Amino acid sequence: MQRNLTARLFTKIAAIAIIVAVAVSCDKDPVPGQNQENKPTPSQKETFAIKPVEQMSLTEKIGQMFFLRVETLAGSTTPAKSITQAMAEEFAKFPCGGFTLFADNIATPAQLYEIVHNCHKLGNYPLISIDEEGGRVARIGKNKNFDVPHFESMLSVGNTGNEANAFDAGKSIGNYLASCDIDIDLAPVADVFTNPANTVIGDRAFSTDPVIAGNMSSQFLLGLKSKHVEGCLKHFPGHGDTS
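Below is a short write-up of the structure. Note that the structure is predicted; figures quoted are calculated from it, not measured.

With that settled, the discussion passes to the pairing of strand β4 (residues 98-101). Of the two faces of β4, the one lined by G98 and T100 and the one lined by F99 and L101 are each fully buried. Note: strand β3 (residues 67-68) against β4, 2 bridges, orientation parallel. Directly across from F67, in β4, lies its bridge partner G98. Between the parallel pair β3 and β4, the chain is carried across by helix α3 (residues 85-93), and the sense of this crossover is right-handed. Relative to strand β5 (residues 127-130), β4 runs parallel, the two being bridged by 4 bridges. Across the sheet, residue G98 finds its bridge partner in β5, namely L127. This β-α-β element, β4 to helix α4 (residues 109-120) to β5, shows right-handed connectivity.

Quick look at the side chain of S129 now. Along the polypeptide, S129 turns up in strand β5. Side chain to side chain, S129 and T100 meet in a polar contact 2.8 Å long. Once you skip the residues sitting within four places of it in the chain, S129 turns out to touch F67, F99, T100, L101, I184 and L186.

Attention shifts here to the packing of aromatic side chains. Scanning the entire structure with this criterion turns up 2 aromatic pairs. Seen in terms of ring centroids, F91 and F99 are 6.1 Å apart; in terms of plane orientation they differ by 40°. Their pairing is tilted. For F91, a relative accessible area of 2% corresponds to the buried category.

In spatial order, the strands read β3-β4-β5-β8-β9; together these 5 strands make up an open sheet with parallel pairing. Whereas interior strands pair on both sides, the edge strands pair on one side only; in this sheet they are β3 and β9 (230-231). Bridge count for strand β8 (residues 184-185) against β9 is 2 bridges, and the pairing is parallel. By the bridge assignment for β9, I184 is matched with E230.

Further remarks concern the pairing of β5. It is a general feature of regular strands that their side chains alternate between the two faces of the sheet. Where burial is concerned, the two faces of β5 agree: the one with L127 and S129 and the one with I128 and I130 are both buried. As paired strands, β5 and β8 are joined by 2 bridges and run parallel to one another. The residue bridging I130 from the neighbouring strand is D185, located in β8.

Counted under the stated rule, the structure contains 10 salt bridges. For K225, the salt bridge goes to E230, with nearest N and O atoms at 2.9 Å. On the basis of relative accessible area, E230 is assigned to the buried category, the value being 12%. Among the charged side chains, a network of salt bridges with common partners joins D131, E133, R139, R204 and K234.

About the thresholds
Residues numbered from 1 in each chain as written. Predicted model: local features only at pLDDT ≥ 70, side-chain atom pairs only at ≥ 80, totals over all residues. Heavy atoms only, no water. Buried < 20%, exposed > 50% of the residue type's maximum accessible area, 1.4 Å probe, protein only. Helix = DSSP H or I, 4+ residues; strand = E, 2+ residues; numbered from the N terminus. Pairing = 2+ DSSP bridges. Right-handed = clockwise from strand over helix to strand, strands pointing away. Polar contact = N/O pair within 3.5 Å; in protein donor to acceptor, adjacent residues only side chain to side chain. Contact = heavy atoms within 4.5 Å. Phe/Tyr/Trp six-rings, centres within 6.5 Å; stacked < 30°, edge-to-face > 60°. Salt bridge = Lys/Arg side-chain N within 4 Å of Asp/Glu carboxyl O.

Set out below in structure tokens:
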């Protein structure tokens, strides 16, 4: 069953409503290089129950508005690559809406799948997000242990002038994120690259033209969604013009 994450994402922002149930979808393509023996078969896939908002405590409602790094559960800044029993117990006391994984949380395809799966199991299905823009910000794409498509930059995609290429980039990235059961891609970069001195955004943006940047970003989002991964437009406000 495909996850209806659009309503869930709205809940994270507005803290108004939460979808009733989320299931791990069975139609995802395998991650290249993934050891399939470590992944559950369709008959073993779990259905994760989501507590209705009216049944949540105030602590749970507030927690829904936060995404954390997983090592926070261990009271540590040392990057975590697994979920321990102590971390699960901490989550039970202070549940959050989701986790953001960074490059130092990821080692191999099997390890990534395991930490994502164990995060989802913590309770009330915390969502998993990651910065996978393509180009120089790609937590999975730049890991040599993953055989996944890599993109030079989103500016190079925008420079083709073909919006279908932005859709294909989103679809390609969405495909391997979905196969790891990652829910949200913190992409695309919807900034406009208007300041040549900007090295923070630079070629992470699709274009120096706002219309092209907007159209390319929209197509990238649709590409992600075609693989049942939600996107997240960034950055605000106007990070493409900073120096």
